[in-house]
Amino acid sequence: MFIKTYYSHLIDDRKPNESCFTKVIDDLNAEPSKTVFYDDNIDNIATAQSLGIHAVLVEKNKLRKDQLPNGRE
C-alpha cells in the first residue's frame, strides 16, 4: 500500500514543519492535491491541509476502513 516510508531522523525534519511535508512531496514528485495524509495529531493535519494535501484526522490507533481510499484495507 505504501511506496516508501519516511522517518524524521533520516530526513532531518519533523512534523508539523511545512518543510517536512514538502521534502516528502518533492521526493515523491507527488501532487499535494492527489496526496492523502493520515495522522492523529491536529497540528500535523493543519499543516498538511495548508499545503493542499488531503488530510484525515484519525483517532489514535483507530484507522477505519471507511477512511481509506476506495475502502482498501
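Attention in this report is confined to the structure presented alongside it.

**Some thoughts on the pairing of strand S1 (residues 36-39)**
So, point 1. The alternating pattern of S1 places Phe37 and Asp39 on a buried face and Val36 and Tyr38 on a face that is not buried.
So, point 2. Relative to strand S2 (residues 54-57), S1 runs parallel, the two sharing four bridges. Pairing of Asp39 across the sheet is with Leu57, part of S2.
So, point 3. Since S1 and S2 lie parallel, the crossover through helix H3 (residues 42-50) that links them has a hand, and here it is right-handed.

**Structural notes on the pattern of salt bridges**
So, point 1. Summed over the entire model, instances satisfying the criterion amount to four salt bridges.
So, point 2. In this structure, Lys15 engages Asp39 in a salt bridge whose closest nitrogen and oxygen atoms are separated by 3.0 Å. Placement of Lys15 in the loop between helix H1 (8-11) and helix H2 (18-28) and of Asp39 in strand S1 is noted, with a sequence separation of 24 residues between them.

Thresholds applied
- Residues numbered from 1 in each chain as written.
- Predicted model: local features only at pLDDT ≥ 70, side-chain atom pairs only at ≥ 80, totals over all residues.
- Heavy atoms only, no water.
- Buried < 20%, exposed > 50% of the residue type's maximum accessible area, 1.4 Å probe, protein only.
- Helix = DSSP H or I, 4+ residues; strand = E, 2+ residues; numbered from the N terminus.
- Pairing = 2+ DSSP bridges.
- Right-handed = clockwise from strand over helix to strand, strands pointing away.
- Salt bridge = Lys/Arg side-chain N within 4 Å of Asp/Glu carboxyl O.

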